[in-house]
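What follows is the residue order along each chain.
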Amino acid sequence: MFTGIIEATGKIVAITPTQGDIRLKVQSDYLDFADVKLGDSIASNGICLTVVEQGKDWYAVDVSRETLNKTAMQQWQVGDVLNLEKAMLPTTRFGGHIVTGHVDTTGTVKLIKNDSRSIYIEIEIPSEFTKYVATKGSVTVDGISLTSNLVEGNVISLNIIPHTAQVTNISRHWKVATKVNIEVDVVARYLEKLLMSTPDNMSNSNHEGITLSFLQQNGFSK
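Here the structure is a predicted model, which means the values were calculated and not measured. (Residues numbered from 1 in each chain as written. Predicted model: local features only at pLDDT ≥ 70, side-chain atom pairs only at ≥ 80, totals over all residues. Heavy atoms only, no water.)

J.: Explanation requested: the sheet that holds strand 5 (residues 58-63) in the structure shown.
T.: Strands in a sheet are paired, the pairing made by backbone hydrogen bonds, and the direction either parallel or antiparallel. Overall, antiparallel pairing links the 6 strands, which are arranged 1-2-5-4-3-6 in a closed barrel. Along the sheet, successive strands turn relative to each other by an average axial angle of 45 degrees, direction set aside. Bridge count between strand 3 (residues 41-44) and strand 6 (residues 81-86): 3 bridges; the pairing is antiparallel. Directly across from Ile42, in strand 6, lies its bridge partner Lys86. (Pairing = 2+ DSSP bridges. Helix = DSSP H or I, 4+ residues; strand = E, 2+ residues; numbered from the N terminus. Axes fitted to C-alpha atoms, helices over the stretch in contact; angles between N-to-C directions.)

J.: Help me understand the packing of aromatic side chains, please; the structure alone is not making it clear to me.
T.: Think of a pair of aromatic rings as described by two things: how far the centres are apart, and how the planes are tilted against each other in angle. By the definition in use, this model includes 2 aromatic pairs. Both rings, one in Phe33 and one in Tyr59, keep their centres 6.4 Å apart while their planes meet at 45 degrees; by these two values the pair is tilted. In this pair, Phe33 sits in the loop between strand 2 (21-27) and strand 3 while Tyr59 sits in strand 5, placing the two residues 26 residues apart along the sequence. Each member of the pair, Phe33 as well as Tyr59, is classed as buried. Look at Phe129 and Tyr132: their rings are 6.4 Å apart centre to centre, the planes differ by 50 degrees, and that puts the pair in the tilted class. Tyr132 matches Phe129 in its accessibility class, with the two residues each being buried. Sitting above the plane of the Tyr120 ring, Lys113 keeps its charged end 5.3 Å from the centroid. Across from the ring centre of Tyr132, 4.6 Å away, lies the NZ or CZ of Arg189, which sits over that ring. (Phe/Tyr/Trp six-rings, centres within 6.5 Å; stacked < 30°, edge-to-face > 60°. Buried < 20%, exposed > 50% of the residue type's maximum accessible area, 1.4 Å probe, protein only. Lys NZ or Arg CZ within 6 Å of the ring centre and 35° of its normal.)

J.: What should I look at first to understand the sheet that holds strand 8 (residues 118-124) in this one?
T.: If you trace the 6 strands once around the closed barrel, you get 7-8-11-10-9-12, paired in antiparallel fashion. Taking each pair of neighbouring strands and ignoring which way they run, the sheet shows an average axis angle of 45 degrees. Bridge analysis of strand 8 against strand 11 (residues 155-160) gives 6 bridges, and the strand direction is antiparallel. Among the inter-strand pairings, Glu124 is bridged to a residue of strand 11, identified as Val155.

J.: How do you make sense of the side chain of His97 when you look at a structure like this?
T.: Tracing the backbone through its elements, the reader meets His97 in the loop between strand 6 and strand 7 (105-115). With relative accessibility at 8%, the residue His97 sits in the buried group. Only 2.7 Å separates the side chain of His97 from the side chain of Ser145, close enough to count as a polar contact. What His97 contacts, discounting residues up to four positions off in sequence, is Phe2, Thr3, Gly4, Ser138, Val139, Thr140 and Ser145. (Polar contact = N/O pair within 3.5 Å; in protein donor to acceptor, adjacent residues only side chain to side chain. Contact = heavy atoms within 4.5 Å.)

J.: What should I look at first to understand the pattern of salt bridges in this one?
T.: Proximity of charged atoms lets side chains of opposite charge pair with each other. Counted according to the given criterion, the structure contains 8 salt bridges. Its salt-bridge partner being Arg23, residue Asp62 comes within 2.7 Å of it at the nearest N-O pair. Note that Asp62 is positioned in strand 5 and Arg23 in strand 2, a separation of 39 residues in sequence. Measuring nitrogen to oxygen at the nearest pair gives 3.3 Å for the salt bridge that ties Asp40 to Lys37. The class for Lys37 is exposed, based on a relative accessible area of 52%. What you see here is one network of salt bridges that share partners, running through Arg23, Glu53 and Asp62. (Salt bridge = Lys/Arg side-chain N within 4 Å of Asp/Glu carboxyl O.)

Read these as spatial facts, not as claims about activity.
So this is what it looks like as structure tokens:
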């Protein structure tokens, strides 16, 4: 589990093919490796990956074909800068939103422009995922917890404050046509699952499931 608050950036120093998938090595002068051990999870551009090798200032992960196919990783190259976040602890301050590190889809940067001191960005995502992104709601982009300004059609607009641009890979990596990893709000996903539940697909047939009518009657929706 993660929060989407980036701890550090790191650089890809090796991409090694291994029998159909790859091993990725990431080096960082900024991430605190003191409490990192084999088997730990590190979100790398929003992808939850398991540490299988490590050194004083680097870690390596194995990446499956499923992850390669479903994320923007297939476009990564040696030298690319990644956003890094270690898995949160129970005592961690929850500064962002609930992030699982399970990428739902990829988006494409369509527009970048200055907006006073911030950066205005538009990202196009597949239309089937826009229902999970609310205006002024949370969305994870390359591992960063961000708030959507507006959702119009299948385009999300964002404003990036100077601090976020500085401590992430946005100012160094994002350009028009850049592919980015998108994770939608997990609460929206679970809510959809509950709304779609019926007696036929629930294990306990005595339950009717949660419906839109139920949510309205109990003050959860208008």
